[in-house]
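# A structural walkthrough
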Amino acid sequence: MGMTITEKIMAKQSGRDKVVPGELVWVDVESVMTMDYLGKTCFDKFRSLGKTEVFDKSKVICVSDHLVPPPNQKFATMLNEWREVVKKHDIEYFYDLGRQGIAHQIMVEQGHVLPGTISIGTDSHANTYGAAGAVGNAVGVTDAAVAMATGKAWFRIPEAVKFHITGEWQPWVMAKDLSLHIMGMMHWNGHLIYKTLEFTGPAIESLDMAGRMTLCNMTVDLGAKNGIIAPDQITADYLKDVAKGDWEMINSDEDARYEAVYEIDVTDLVPTVALPDKLDDTVTVDQLKGTKFNKAFVGTCTNGRLEDLAMLAKILKDKQIHRDVNMIVVPASQTVYLDALRAGHIETLIMAGAAVDTPSCAACAGIHTGVAGDGDIVLSAGNRNMKGRMGSKNAQIYLTSPAVVAASAITGEITDPRTISI
Amino acid sequence: MIEGKCWVADDYVLAYEIIIQQYWTSPIDPEDNSKWVMAGVKEEFNAENAFKDRGYTFIVAAHNFAGGGKSIEHVIAGLMGAGIKAVFADSFARLQFRNAINYGLPFVTSKDIAISCDTDDVLRYNPDTGLIQNLTKDKEFQSLPAAPFVAEVGAVGGLMNYVRDKIAKGEAIG
Ligand code: SF4
């Protein structure tokens, strides 16, 4: 019996020839990410283990993303304490305000996540790292503190489920639509709790890294342990100049065991929207035609990448955002921001009437930069829409792709991007 | 053997509601986190110490307890601070399941338990055998006893103690 890519990585990182689902193993981690609002606690816990030096100063990655720029004194003070503790431990890679980005974007974009290895982070969307052919896993501060001290984390080997994706991507259909489609099909935290999800097939092989990151990112919202895509030439090209270490191409064996295999043909996939409050309440965009909204948001670790901003710019070029819509766009990192600026996307978006803000999690978790108030109806390209997620419990959040947000921002009503002339 | 009253939750109790947003940035502290634990789950718990003061020992839930994808440990610390000694459910969200193991709070998977218990029923749980008894209703449920590693971590009061001890003794982990 062969092994899946996740099993192979876990076997390799735990020094075994073979692992089987259900086993508990301690693995070596490639990198440990922590960020501004939990990071100080991580370091405090780490020191309480009796250690003063982290296991590897180049492998504990610190990022300021949730709280920057600080919207109030409380967060400004927290950030000061955070900076102090990072400095004290002489951490090599500290992506603080000015060099910031959303942690998950930074981890992949800056090459801290390497194919065939395991990286963990103190934030749930660490599943994103699977896009680089790595096991990416979200943990609490305790696990992060232990890993900072020892370079290790414990894992239960997960059962595997495969999504085999075929067909041709249609214009204006994005990886986010596939994510939301799978969400509607499998349910939010439904049958996939604890599983490793593997995405394979020609429609995955043709997907760029941005799309792969979107897809793996939202596997946490399916309840999965991780989502992963085998590394290929696209991964290699992406990592060429940024990888912070050596890596190897690991792929699943032909005879690996899956609990279930689902086939999806993207040729039939259309732009998809999750209705307010529950991620798995998804419908195709045509069913919401004419639904009015007043706030548009594109950013986050799900859809704040260059390709996403390029899609916005393509649709909004020489157009005007509807006067009843306030649109905020937040690039996922300074690198993304700069690339989008150089490509002319930022100018296009500003000319269309969008506000562009400095990279951060922004309003995604309701902390700052465009939080939702009572009565707001938000059309967002983020990842979560439960009541109160972006601020007020009396706001509604529709989730969708950047293409749908852009097309809809022009009309002020939820609009199928396939009906917009560009 | 642990014995006490249970509180029966609905399906899909979110971690987000067990600890509401305004406390996500507070320190992780059982005493402190327990004051407002469950504040978002039911209006009746949205007052200081409201859940804690009911004196429950167990929580019984159905599907996906503590879901919604939040990794914050305040959830587990808050439940423990409120006197909860074990949670029984059809299924648990992965992140908090992991945190519970790391804190030594038994999160025990047991099918159909939610439909067979009412709030304030008295339960008895034997962590060694996995047997759960509903003394009020005279019913029994068998759950899997904890895996050896999980039991070992639980016995020393959580992963921090487990690892601290290994480091102090200079022993390898795993
Ligand atoms: S962008 Fe949103 S989902 Fe992503 S890490 Fe930030 S708050 Fe979490």
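Residues numbered from 1 in each chain as written. Chains lettered and ligands numbered in written order. Predicted model: local features only at pLDDT ≥ 70, side-chain atom pairs only at ≥ 80, totals over all residues. Heavy atoms only, no water.

## Some remarks on the pattern of salt bridges
Pairing of side chains with opposite charge becomes possible as their charged atoms draw close. Residue and element names in this part refer to chain A. Counted by the stated rule, this structure contains 31 salt bridges over all chains. Close ionic contact of Glu-159 with Arg-156 constitutes a salt bridge, the shortest N to O distance being 3.1 Å. Under the relative-accessibility criterion, Glu-159 is labelled buried at 17%. Here Arg-156 falls in the partly exposed class, since its relative accessible area comes to 30%. Put simply, Lys-40, Asp-44 and Arg-47 are held in one network by salt bridges that share partners. (Salt bridge = Lys/Arg side-chain N within 4 Å of Asp/Glu carboxyl O. Buried < 20%, exposed > 50% of the residue type's maximum accessible area, 1.4 Å probe, protein only.)

## Here's the deal with the interface of chain B and chain A
As a measure of interface size, the accessible area lost when the parts come together is often cited. The interface is formed by 37 residues belonging to chain B together with 44 residues belonging to chain A. When chain B packs against chain A, close to 3500 Å² is buried across both sides, 61% of that on carbon and sulfur atoms. Where chain B touches chain A, the interface holds two salt bridges. The salt bridge partner of B:Arg98 is A:Asp143, with a shortest N-O separation of 2.9 Å. The tally of links between chain B and chain A comes to 16 residue pairs in polar contact (both at pLDDT 80 or more). Sorting the residues of the side of chain B that touches chain A by element identifies helix H4 (94-103), helix H5 (148-155) and helix H6 (159-169) of chain B as the ones contributing at least two each. (Contact = heavy atoms within 4.5 Å. Buried area = accessible area lost by both parts, 1.4 Å probe. Polar contact = N/O pair within 3.5 Å; in protein donor to acceptor, adjacent residues only side chain to side chain. Helix = DSSP H or I, 4+ residues; strand = E, 2+ residues; numbered from the N terminus.)

## With respect to the packing of aromatic side chains
Inspection of the entire model under this criterion finds 20 aromatic pairs over all chains. Judged by centre distance (5.7 Å) and plane angle (25°), the ring pair of A:Phe163 and A:Phe199 falls under stacked. Highlighted residues: A:Phe163 in strand E8 (residues 160-166) and A:Phe199 in strand E9 (residues 196-200), separated in sequence by 36 residues. Look at A:Phe199 and you get buried, because its relative accessible area is 3%. Look at B:Phe88 and B:Tyr125: their rings are 5.2 Å apart centre to centre, the planes differ by 70°, and that puts the pair in the edge-to-face class. Highlighted residues: B:Phe88 in strand E3 (residues 86-89) and B:Tyr125 in strand E5 (residues 122-126), separated in sequence by 37 residues. Of the two residues, B:Phe88 and B:Tyr125, neither departs from the other in class, the shared state being buried. The structure contains a cluster of three or more aromatic residues connected by ring pairs, namely A:Tyr194, B:Phe65, B:Phe92, B:Phe97 and B:Phe107. For B:Lys70, the ring lying beneath its charged end belongs to B:Tyr16, and the centroid distance is 5.6 Å. Sitting over the face of the ring of A:Trp154, B:Arg98 holds its NZ or CZ atom 4.2 Å from the ring centroid. (Phe/Tyr/Trp six-rings, centres within 6.5 Å; stacked < 30°, edge-to-face > 60°. Lys NZ or Arg CZ within 6 Å of the ring centre and 35° of its normal.)

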